[in-house]
Amino acid sequence: MKSVPTQADFARREREFRHRAFPAATAADWEDWRWQLRHRARTATAVARVLALSPRERRALAAPDAWRMPLAIPPYLLGLLAAEAPDGPLHRTLLPDRREARIAPGELRDPLGEEAHQVAPGLIRSYPHKALLLATADCASFCRYCTRARTAGRAGADLAAALAWLRAHPEIRDVLVSGGDPLTLGDAHLERLLRALRDIPHVELIRIGTKIPAALPQRVTPALAKLLKKFRPLWLSLHFTHPAELTPRAAAACGRLLDAGIPLMNQTVLLRGVNDDLDTMLALNEGLLRLGVKPYYLHHGDLAAGTAHLRSTVARGRAILRAMCGRTTGYAVPHFMFDRPGGGGKVPLGPAWTSS
Ligand SMILES: *Cc1c(COP(=O)(O)O)cnc(C)c1O
């Protein structure tokens, strides 16, 4: 099994990439999450300047009108892309594909019916006791299979009405703060939001859904860890999809959050040609445990418009999970879930020992 690269190897490879791709950047720039966000690759030119690409990738990059959502890749992630071959697994998750323009039968712009379940701008309520707060529509990087491609990169909602709704609804005990990625917000903004939620007596559990430890681990500064620590019990749901994301920087970011007493869970999407094989799933989930992260959900791909080329099959997911049970520690096995179209909620698909 492939393990996390050693700190020294990783640091050398990252430095070489920085010198070649961003020669004006200092080591301090590279450590600075705001520098990383400002220097995200957002165009075909910006990507082609620093990465070797396949003809297929070049064709897709040259047709931005066919993209299902904007392009954004921070320099840190470009460095990980540069370490794999064109068309590699991380390339598939971050670079546009011509097939994004094809809408398969049953696919929807709003696959989870979130617009129908919106109780205030940026607040989705699909379950009796929990609510989903969309704190921003920006992410450090946009995943091509995003379920919320329709809003990716737009301005986030003003959350005053959402917070007022939560204050008025004591049945809501669990708030999942997501987006977009809430950790792309600055510390002061994030602190105001968490304070407002913590001040609602009936909100017992606050969770944050974030890809930051995978996409931009530099964001997990000592100040951020200290800030989050004040709002415990606070849980983070991370989003690692492939073992190549388990870098020493990602490990350090997770370690810092764990040191602050924040439990870490992970949600992965089962993606065709990215992680839908046993070896990759074992390496990902065992690697997450080594970082102190519990694999929580493995999602079968939502029926989001233009994602059929990345969606694997339920049968494949079940076969992988069956093979994992017994071969690895039970902690490494996530729940396999499908979020029903239209907002019917999540249903478990496994692991199960039956073959249906
Ligand atoms: C997934 C989801 C949640 C959280 O679900 P858990 O199964 O408790 O992790 C909450 N609200 C919405 C709308 C969701 O889609």
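The notes below deal with the structure included here. (Residues numbered from 1 in each chain as written. Predicted model: local features only at pLDDT ≥ 70, side-chain atom pairs only at ≥ 80, totals over all residues. Heavy atoms only, no water.)

**With respect to the site of the ligand**
With respect to spatial proximity, the complete set of residues near the ligand consists of S126, Y127, K130, L132, L176, R207, Y296, Y297, D339 and K346. Note that an oxygen atom of the ligand is positioned 2.7 Å from one of the side-chain N or O atoms of Y296. A distance of 2.5 Å separates an oxygen atom of the ligand from a polar side-chain atom of Y297. Burial of the ligand by the surrounding chains reaches 87%, relative to a free accessible area of 390 Å². Here the residues of the shell around the ligand sort into five nonpolar, one polar and four charged. (Near = heavy atom within 4 Å. Polar contact = N/O pair within 3.5 Å; in protein donor to acceptor, adjacent residues only side chain to side chain. Areas by Shrake-Rupley, 256 points an atom, 1.4 Å probe, with all protein chains shown as cover. Nonpolar A, V, L, I, M, F, W, Y, C, P; charged D, E, K, R; others polar.)

**Quick look at the environment of D97**
Along the polypeptide, D97 turns up in the loop between α7 (89-94) and β1 (118-120). Using a relative accessible area of 10% as the deciding quantity, one classes D97 as buried. Taking the C-alpha atoms as reference points, D97 and A149, 52 residues apart in sequence, are found 14 Å from one another. If near-sequence neighbours (up to four positions away) are discounted, D97 is found in contact with R56, A60 and H309. A distance of 2.7 Å separates the side chain of D97 from the backbone nitrogen of R99, its partner in a polar contact. (Helix = DSSP H or I, 4+ residues; strand = E, 2+ residues; numbered from the N terminus. Buried < 20%, exposed > 50% of the residue type's maximum accessible area, 1.4 Å probe, protein only. Contact = heavy atoms within 4.5 Å.)

**With respect to the sheet that holds strand β8 (residues 294-300)**
On the basis of which strands lie adjacent, the open sheet formed by ten strands has the order β1-β2-β3-β4-β5-β6-β7-β8-β9-β10 and mixed pairing. At either end of the open sheet lies a strand with only one pairing partner, and these are β1 and β10 (345-350). The sheet strands contacting helix α14 (residues 314-324) are β7 (264-270), β8, β9 (335-340) and β10, and the helix crosses β9 at an angle near 160°. (Pairing = 2+ DSSP bridges. Axes fitted to C-alpha atoms, helices over the stretch in contact; angles between N-to-C directions.)

**Here's the deal with the pairing of β10**
Here is the key point about a regular strand: its side chains alternate between the two faces of the sheet. Relative to β10, β9 runs antiparallel, the two sharing five bridges. Each bridged residue has a counterpart across the sheet, and for F338 the counterpart in β10 is V347. The antiparallel pairing of β9 with β10 creates a hairpin that spans four residues between the two strands, and G342 there sits at a positive phi of about 85°.

**A closer look at the pattern of salt bridges**
Scanning all chains against the criterion turns up 23 salt bridges. Here R144 makes a salt bridge to E100, at a shortest N to O gap of 2.9 Å. A residue pair is termed long-range when its members are at least 10 positions apart, and R144 in the loop between β3 (130-134) and α8 (160-167) and E100 in the loop between α7 and β1 qualify at 44 residues. Residue class for R144 comes out buried when judged on its relative accessible area of 1%. For E100, a relative accessible area of 3% puts it in the buried group. (Salt bridge = Lys/Arg side-chain N within 4 Å of Asp/Glu carboxyl O.)

**Observations regarding the packing of aromatic side chains**
Inspection of the entire model under this criterion finds six aromatic pairs. Plain terms: the ring middles of W30 and W35 are 5.9 Å apart, the flat faces sit at 45° to each other, and that makes the pair tilted. Residues W30 and W35 agree in their burial class; the two are buried. Where Y296 meets Y297, the ring centres are 3.8 Å apart and the plane angle is 15°; that geometry is what we call stacked. There is no split in this pair, since Y296 and Y297 are both buried. Taken together through their ring pairs, the aromatic side chains of F17, F22, W30 and W35 make up a single cluster. (Phe/Tyr/Trp six-rings, centres within 6.5 Å; stacked < 30°, edge-to-face > 60°.)

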